[in-house]
Amino acid sequence: MRQEFSGLGASRGSALGRARVRLPHVLDVVEERIDATVVEDELKRLHDAIDRVRTEMHVMRERLHGALAREVGEFLDLHALLLDDPELLQGLDELIRTGRYSADYALRLQRDRIASVFDTMDDAYFRSRLDDIDQVIGRVHAALHRRDAGMEGVAGEILVTDNVAPAELAQLQAQGVVAIVTATGSALSHSAILARSLHLPLVVGVANVLQKVNDGDALIVDGGTGRVVLEPAPDDLRSHHARQRGYARERRELNRLRREPNRTRDGSEIEIYANAESREDVAEAHALGATGIGLYRTEFLFLQRMELPDEDEQFRAYRDVVLGMSGRPVTIRTLDLGADKADRTGLALRDEPNPAMGLRGVRLSLARAGLLETQLRAMLRASGYGPLRILLPMISSREEVRTVRTEMMRIARDLRSEGHEIADYVALGAMIEVPAAAISLSTFIGGVDFLSIGTNDLIQYLLAADRDNEALGDLYTALHPAVLRLLRDVIRLAAARNTPVAVCGELAGDSKFAPLLLALGLEQFSLHPTSLLEVRRTIRNCDLDRLRANAPALMRARDRSEIERWLEAQTGH
């Protein structure tokens, strides 16, 4: 019987397929004791399973390329660390040796022990790490029985589950899953961002879907509207096929924009830069006609290894980015470890009580002796191969900018005296993602050459709303009067001081917000290459003079609904 569900559209696209239901992970294992004579055999069986999972995760890690290498890799690295956690391993061994439990039941007991500790934590971020524990233990349990921890035979199917981890998405798509529906989750989570990069339809927050949908049921998923239809009627099928034709037509139209200029309908030039973290991203940005690289993330050099990369390794990576853009400007961000990005070298702290507001970004670089110097030396050396700018993350004060500027000047003198060819001048910029930096911008804007607004963190800190917390989904929004006023003030001050400013967060990559950013005065966007053509199309359809003329009405909006109505009036939908 036909039923319709509503959720949050997290990744556009329309899919039709059979449902594959995966219930929340619970080890349904009965208590089982073993004889003393087989304890060693049971321990070997457990450790063989753990080794198998390590190997599987290593192979998966090696297959990742481009944006997936960072987005998925971070979670795989975390899971690999959990597999080596002494508390987990020693606890399992003790349960088998002393308690004489089977490996299966020991896994369940140890999982429940850890869960009880996580449940007592006040910090929502650390409580959420229980999902990672469940993922790892589920893989080991599957390996004990020589089953694939993923899903077999899912080609053409739609996964219906409680939630989905970022580390799973690329694997699920490779196995043929055509869409995902989750009962929980946020449209702003890492999983949602990655699903959009993969062009995998995703609907999150669909209440009661696990109780109503069974394996094999026919489903239609609309990742744009968040609509899910169970056992669709003929009209639903016709609508789905029409949407698919529309998406195909849209892709063809977008491809025709690959060589078109970033120019509004009334002739204003807008610059569209690309965010990147790999050679593949750089190549795609170049092919799509990006103005340059507006944000090159350096974390990937640190996240995939046990030791810190030296100066020469970093230099070669940065030089290759500069060469890959063939003379177009490249903006390289200094290390932004911390928060949810813990490296394997131990550089970033793992036990901070509030990691999102802890030792991260430029704070970490300044606190670790030699770290910033090595990175700056590598970047300045790469500047000899083409236009390069250096961007500082998590700036909150004038002193941080002055300290880095002084260090840059000293290092530049040293490099020249050593015989290195570097640019006559390398621009230094600050990321505006801490509200204090936005509010006190006038005190240090004279010390930077450009600005980049990181809206993901700026909105999160300004509204005191964790973007990964599904309970705060309605509160975390760019469409808040306070957010718009802060963005307007930063953009206006930058224009008054002739300081280039870009938006490099998720807001810039969502084409529906382009008219809003243009109205606020923005002339530079920096976004993932997968969003570039959609944003270019929207910009080409905008009348900049009209948007700027209507900006005062936007700034008078008192709440989200009034801002949404303003947007609808500009776009006609």
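Look up a bit, the structure's there.
What you are looking at is a predicted structure, and each value in this text was computed from that prediction instead of being measured.

**Student:** Can you help me understand the nonpolar core in this one?
**Tutor:** Soluble globular proteins tend to bury their nonpolar side chains together. Ranked by size, the top nonpolar core spans 103 residues in total, and within it Ile390, Leu451, Leu516 and Phe525 carry the most contacts. Counting 28 residues, the second-largest nonpolar core is a separate cluster that includes Ile34, Met57, Ile133 and Val136.

**Student:** What's the story with the pairing of strand β9 (residues 271-276) in this structure? I'm lost.
**Tutor:** A regular strand places its side chains so that they alternate between the two faces of the sheet. With five of six residues buried, β9 lies mostly within the body of the structure. Note that β9 and strand β16 (residues 524-527) share four bridges and pair parallel. Paired with Ala274 across the bridge in β16 is Leu527. As paired strands, β9 and strand β10 (residues 293-296) are joined by three bridges and run parallel to one another. Paired with Ala274 across the bridge in β10 is Ile293. Regarding the hand of the β-α-β motif, the stretch spanning β9, helix α11 (residues 279-287) and β10 is right-handed.

**Student:** Any chance you could explain the environment of Pro201 here in plain terms?
**Tutor:** By the element assignment, Pro201 lies in the loop between α8 (190-198) and β6 (202-204). A relative accessible area of 7% means that Pro201 is categorised as buried. Along the backbone, Pro201 and Ile158 are 43 residues apart, and their C-alpha atoms lie at a distance of 9.6 Å. Once residues lying within four places of it in the same chain are set aside, the contact partners of Pro201 are Ser11, Arg12, Gly13, Ser14, Ala15, Val178, Ala179 and Ile180.

**Student:** Would you take a moment to explain the packing of helix α10 (residues 234-255) against helix α22 (residues 529-540) for this structure?
**Tutor:** Geometry of a packed helix pair, given as the angle between the helix axes and the separation of the axes. It is the contact of α10 with α22, at a shortest axis distance of 10 Å, that shows an interaxial angle of 80°. If you check the angle between α10 and α22, you find them roughly perpendicular. In this structure, α10 contributes Glu250, Glu253, Leu254 and Asn255 to the contact, and α22 contributes Leu533, Glu534 and Arg537. Here the contact of α10 with α22 is composed, by residue class, of two nonpolar, one polar and four charged.

**Student:** Just to check I follow, could you spell out the packing of aromatic side chains for this structure?
**Tutor:** For any two aromatic rings, the description comes down to two numbers: the centre-to-centre distance and the angle of the planes. As enumerated under the stated definition, the model contains two aromatic pairs in all. Relative to Tyr105, the ring of Tyr101 has its centre 5.4 Å away and its plane inclined at 50°; by these criteria the two rings are tilted. Accessibility classification places Tyr101 together with Tyr105 in one group, the buried group. Judged by centre distance (5.9 Å) and plane angle (55°), the ring pair of Phe315 and Tyr385 falls under tilted. Taken together, the residues span a long stretch of sequence, with Phe315 in helix α13 (residues 311-324) and Tyr385 in the loop between α15 (371-382) and β12 (388-392) at a distance of 70 residues. On the basis of relative accessible area, Tyr385 is assigned to the partly exposed category, the value being 43%. One cation-aromatic arrangement involves Arg381 over Phe315; the distance from NZ or CZ to the ring centre is 4.2 Å. A cation sits over an aromatic face here: Arg389 above Phe450, 3.8 Å from the ring centre.

The rules we used
Residues numbered from 1 in each chain as written. Predicted model: local features only at pLDDT ≥ 70, side-chain atom pairs only at ≥ 80, totals over all residues. Heavy atoms only, no water. Core = buried A, V, L, I, M, F, W, Y, C linked by side-chain atoms within 4.5 Å. Buried < 20%, exposed > 50% of the residue type's maximum accessible area, 1.4 Å probe, protein only. Helix = DSSP H or I, 4+ residues; strand = E, 2+ residues; numbered from the N terminus. Pairing = 2+ DSSP bridges. Right-handed = clockwise from strand over helix to strand, strands pointing away. Contact = heavy atoms within 4.5 Å. Axes fitted to C-alpha atoms, helices over the stretch in contact; angles between N-to-C directions. Parallel < 35°, antiparallel > 145°, perpendicular 65-115°, else oblique. Nonpolar A, V, L, I, M, F, W, Y, C, P; charged D, E, K, R; others polar. Phe/Tyr/Trp six-rings, centres within 6.5 Å; stacked < 30°, edge-to-face > 60°. Lys NZ or Arg CZ within 6 Å of the ring centre and 35° of its normal.

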